[in-house]
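# Survey of secondary and tertiary structure
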Amino acid sequence: MEAPTIAMPVPSDTPFTPGTIIVRPVSAFDVACILAALWALVKVLRAARWRMKTTQLQGPPRTSIIYGVSKDLVASTNSGAMYERWAEEYGVAYNIPTILGRSAIVLCDPKAIAHFYARETWTYVLTPLSSTAIEGLVGKGLLWAQGESHRRFLSKFCQRLIR
């Protein structure tokens, strides 16, 4: 089987006439580099598009490139106080950097939490094994419910929370 080739123009200082084309084989390394560059370009373009379309929330600065603020939260004796301090500084909805460049949005307002979970009932679907395990541990309640039953449980729970 013959290797694929790429046509390249020849420099004018070669014994060939200018404009002559030399063909060289393409290695697997070249193909891998091209695919890696295309993958990186797609990732950068998706991230830029996402940043332009979403509201950028403020939050604490990243203290570690790998761990974000997760290492600080684990090392803290009172991580709840850290969340409360950030809520005072950045507002009731803020963004915290997490592991490997990811981020998490933290909501501290009960009405915002109720609104979010009332709208996102279909996002959190349990596997049958998880559903059985949760039912065995805590019974059929808010953690166990899915879909419309989750919405009903949650609306009752949030009404009690807001009062």
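Going by the structure above, here's the rest.
Note that the coordinates shown come from a computational prediction; the quantities given were computed from them, not determined experimentally.

Before going further, it helps to spend a moment on the overall build of the protein chain. Across its full length, the protein chain holds 6 helices and 4 strands. When the elements of the protein chain are put in sequence order from the N terminus, they spell out β-β-α-α-α-β-β-α-α-α. With 163 residues in all, the protein chain has 15% of them scored as buried. Counting contacts in the protein chain only where the partners sit at least 6 residues apart, residues at least 24 apart contribute 37% of the total. Carbon and sulfur atoms form 64% of the exposed surface of the protein chain, whose accessible area is close to 12,900 Å².

This part takes up the packing of aromatic side chains. Evaluation of the coordinates by the stated rule reveals 2 aromatic pairs. Residues Y83 and W86 carry aromatic rings whose centres are separated by 5.7 Å and whose planes lie at 85 degrees to one another, so their mutual orientation is edge-to-face. Taken together, the positions of Y83 and W86, both in helix α3 (residues 79–90) and 3 residues apart, correspond to about one turn of that helix. Relative accessible area serves as the criterion here: at 6%, W86 is assigned to the buried category. Ring-pair connections join several aromatic residues into one group, and the members of that group are Y83, W86 and Y94.

On to unusual backbone geometry. One non-glycine residue, L100, lies in the positive phi region at around 55 degrees. Assignment of secondary structure puts L100 in the loop between β3 (93–97) and β4 (103–107). Using a relative accessible area of 66% as the deciding quantity, one classes L100 as exposed.

Attention now goes to the pairing of β3. Here β3 pairs with β4 via 5 bridges, running antiparallel. Bridging across to β4, N95 finds its partner in I105. Linking β3 to β4, which pair antiparallel, is a turn of 5 residues; within it L100 sits at a positive phi near 55 degrees.

Sparse coverage of helix α5 (residues 128–138) is indicated by the burial of 1 of its 11 residues. G139 sits one or two residues past α5 and shows a positive phi near 90 degrees.

Judged by nonpolar contacts, V69, L73, M82, W86, A87, Y94, I96 and V106 together constitute the single largest core of 8 residues. Among the secondary structure elements, those contributing two or more residues to this core are α3 and β3. Among the elements that line this core, the one with the most residues is α3, at 3 residues. Sequence-distant contacts of Y94, that is, excluding residues within four places in its chain, are made with L57, Q58, G59, P60, Y83, W86, A87, A104, I105, V106 and C108.

What counts as what
- Residues numbered from 1 in each chain as written.
- Predicted model: local features only at pLDDT ≥ 70, side-chain atom pairs only at ≥ 80, totals over all residues.
- Heavy atoms only, no water.
- Helix = DSSP H or I, 4+ residues; strand = E, 2+ residues; numbered from the N terminus.
- Buried < 20%, exposed > 50% of the residue type's maximum accessible area, 1.4 Å probe, protein only.
- Contact = heavy atoms within 4.5 Å.
- Areas by Shrake-Rupley, 256 points an atom, 1.4 Å probe, with all protein chains shown as cover.
- Phe/Tyr/Trp six-rings, centres within 6.5 Å; stacked < 30°, edge-to-face > 60°.
- Pairing = 2+ DSSP bridges.
- Core = buried A, V, L, I, M, F, W, Y, C linked by side-chain atoms within 4.5 Å.

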